[in-house]
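In case you want the letters, here they are:
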Amino acid sequence: MMRHYLDHAATSPLRPSALHAMTSAWSQIGNPSSQHTSGRAAHALLEDAREQLAEAVDAHPSEVIFTGGGTEADNIVVLGGATAGRSEGRPQVAVSAVEHPAVLAAAHALGAAAHILHVATTGRVTEPSLAGLAPNTAWVSVMWVNNETGTIQPLASVVEAARRVGASVHSDAVQALPHLNVSFADSGLDAMTISAHKLGGPVGVGALIARRDAPLAPVSRGGEQERRLRSGTVPVALAAGFAAAAAETVAHRADESQRLAVLRARLVAGLEALPRVHVNGGEAVGPAIVNATFEGTRADDLLLMLDAAGVDASTGSACTAGVHQPSEVLLAMGCSEAEASASLRFSLGWTSTDADVDAVLALLPDALVRARAAAKR
């Protein structure tokens, strides 16, 4: 059976350029922290990757901190930012109600020190919530593009509101980098999270882009690699694959985003033509994610029917896969539990084609009838 992959927001297929870069790097022996010849050679490969990645996101190489993925980078900011903030009399961290679980769960671990910013029905943070930032706020974290709905946040307003109270600003840009013009230098941010496998790089490596003066403390201890914020031997081959995928993504991003926007528009039009189906996320959305509510269904039923027919989609963040509960993102946007439990995410990427969209739209009418019948039993 031919499969149609519409789950790029969970992980995007590995790009040949990333595979080639990793294949070349795997043969290099030596720990990049070692002082002997082999170690220095590995270190040189690592720094080449750092420079390439910095160029892709418009940052200085010294601002690139390699991590084990986006989750670790987010945790360094939320938990490490809170630790640094307490020493300065700023114990509070503010995050939006629709953040990735890596940010929200870390914030909840802070207890009373966490402040949740409310969002509108579109999923965008509201001006009143930003106006209510406390003067003892250390960090504000609002994701650039939502991983479930594709909603684009008003980052300029977030940065402005944070500056009014003297807070630093972080954004999880994991879903933004593949499709939007992401410039760390121009963003006004103090820190930004990116991840390799969302743009065709390998799983197991990400990066925190952080200004040299960003008030952060380490959340783990060890060898003090990566500006003493992320201890542990950096996987050189993974870093090389990450950098290669990012460079290719950015080189073709403008044209690719236009291509995906056309595919997304076709998918949205087809979904909205179906009875009792509506798309979530408002008008300010990226070109790659479609989140739709299929009234009268259980999302898991519909997902399994599409899967059996050869379509890969999801019910939300892959980081909550297997947890059978309504989407916290959709609930925060004002959806009912029934609506949040009846929603699927389709996400596009560099391998997506018209045939993928055609397949979904052809399969959905029958699948919807069967899913709604199953929900009544």
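Predicted model only: the values in this text are computed from it and were never measured. (Residues numbered from 1 in each chain as written. Predicted model: local features only at pLDDT ≥ 70, side-chain atom pairs only at ≥ 80, totals over all residues. Heavy atoms only, no water.)

### Section: the overall build of the protein chain
So, step 1. Summing up its helical and strand segments, the protein chain has 12 helices and 12 strands in all.
So, step 2. By its C-alpha atoms, the protein chain is 65 × 50 × 35 Å across when sized along the principal axes.
So, step 3. Counting across all 377 residues of the protein chain, residues that qualify as buried make up 56%.
So, step 4. Restricting the contact set of the protein chain to residue pairs at least 6 apart, pairs at least 24 apart contribute 72%. (Helix = DSSP H or I, 4+ residues; strand = E, 2+ residues; numbered from the N terminus. Buried < 20%, exposed > 50% of the residue type's maximum accessible area, 1.4 Å probe, protein only. Contact = heavy atoms within 4.5 Å.)

### Some points on the sheet that holds strand 12 (residues 343-347)
So, step 1. With antiparallel pairing, 3 strands are arranged side by side in an open sheet as 9-10-12. Single-partner strands in this sheet number two, and they are strand 9 (277-280) and strand 12. Looking at each pair of strands side by side, their axes are set apart by 30° on average, direction ignored.
So, step 2. Strand direction decides the pairing type here: strand 9 and strand 10 (residues 289-294), joined by 4 bridges, are antiparallel. Counted as the bridge partner of Val277 is Phe294 from strand 10.
So, step 3. Where helix 8 (residues 236-272) meets the sheet, its contacts fall on strand 9, strand 10 and strand 12, and the angle it forms with strand 10 comes to roughly 5°.
So, step 4. Its contacts with the sheet place helix 9 (residues 299-308) against strand 10 and strand 12, and it is angled at close to 40° to strand 12. (Pairing = 2+ DSSP bridges. Axes fitted to C-alpha atoms, helices over the stretch in contact; angles between N-to-C directions.)

### A look at the nonpolar core
So, step 1. One finds Leu53, Phe66, Val140, Trp144, Met192, Ile194 and Ile209 to be the most contacted residues of the largest nonpolar core, which totals 59 residues.
So, step 2. Of all the secondary-structure elements, those providing two or more residues to this core are helix 1 (16-26), helix 2 (37-57), strand 2 (64-67), helix 6 (155-164), strand 7 (191-195), strand 8 (206-210), helix 8 and helix 10 (328-332).
So, step 3. When neighbours within four sequence positions are excluded, Ile194 is seen to be in contact with Leu53, Val57, Gly70, Ala173, Val174, Leu177, Gly206, Ala207, Ile209 and Phe242.
So, step 4. Grouped together as the second largest cluster of nonpolar side chains are 27 residues, Val277, Leu344, Leu348 and Ala371 included. (Core = buried A, V, L, I, M, F, W, Y, C linked by side-chain atoms within 4.5 Å.)

### Points about the pattern of salt bridges
So, step 1. All chains considered together, the criterion is met by 17 salt bridges.
So, step 2. A salt bridge links Glu63 to Arg211, with the shortest nitrogen-to-oxygen separation between them at 4.0 Å. Of the two residues, Glu63 sits in the loop between helix 2 and strand 2 while Arg211 sits in the loop between strand 8 and helix 8, which places them 148 residues apart along the sequence.
So, step 3. Among the residues examined, Glu63 registers a relative accessible area of 12% and is labelled buried.
So, step 4. The partner of Glu256 in a salt bridge is Arg259, with the nearest N and O atoms 2.8 Å apart. Of the two residues, Glu256 and Arg259 are both situated in helix 8; the distance of 3 residues between them amounts to about one turn of the helix.
So, step 5. Since its relative accessible area comes to 32%, Arg259 is described here as partly exposed.
So, step 6. A single network of salt bridges, built from pairs that share partners, joins Arg3, Asp307 and Asp312. (Salt bridge = Lys/Arg side-chain N within 4 Å of Asp/Glu carboxyl O.)

### What to know about the environment of Tyr5
So, step 1. For Tyr5, the position within the fold is in strand 1 (residues 4-5).
So, step 2. Given the relative accessible area of 24%, Tyr5 is considered partly exposed.
So, step 3. Taking the C-alpha atoms as reference points, Tyr5 and Thr67, 62 residues apart in sequence, are found 27 Å from one another.
So, step 4. Ignoring anything within four residues of it in the chain, the contact list for Tyr5 reads Thr11, Pro13, Asp312, Ser352 and Asp356.
So, step 5. Within the structure, Tyr5 has its side chain in polar contact with the backbone oxygen of Asp7 (distance 3.1 Å).
So, step 6. Looking at Tyr5, its side chain comes within polar contact range of the main-chain oxygen of Thr11, at 2.6 Å. (Polar contact = N/O pair within 3.5 Å; in protein donor to acceptor, adjacent residues only side chain to side chain.)

### Examining the packing of helix 8 against helix 12 (residues 354-376)
So, step 1. The contact between helix 8 and helix 12 brings their axes to 10 Å, and the two run at 5°. The orientation of helix 8 relative to helix 12 falls into the category roughly parallel. Facing helix 8, whose interface residues are Leu263, Arg266, Leu267, Gly270 and Leu271, helix 12 presents Asp354, Val357, Asp358, Val360, Leu361 and Leu364.
So, step 2. Here the residues of the contact of helix 8 with helix 12 sort into 7 nonpolar, 1 polar and 3 charged. (Parallel < 35°, antiparallel > 145°, perpendicular 65-115°, else oblique. Nonpolar A, V, L, I, M, F, W, Y, C, P; charged D, E, K, R; others polar.)

### So, the sheet that holds strand 7
Backbone-to-backbone hydrogen bonds pair the strands of a sheet. The strands run either parallel or antiparallel.
So, step 1. The strand order across the open sheet formed by 7 strands is 2-8-7-6-5-3-4, and the pairing between neighbours is mixed. Here the strands that pair on one side only, and so sit at the sheet edges, are strand 2 and strand 4 (114-117). The mean angle between the axes of side-by-side strands here comes to 20°, regardless of whether they run parallel or antiparallel.
So, step 2. In terms of strand pairing, strand 2 meets strand 8 through 4 bridges, oriented antiparallel. Bridging from a neighbouring strand, Ile65 pairs with Leu208 of strand 8.
So, step 3. Each of strand 3 (92-96), strand 4 and strand 5 (137-141) is contacted by helix 4 (residues 101-108), which is oriented at about 145° to strand 3, the strand it contacts most.

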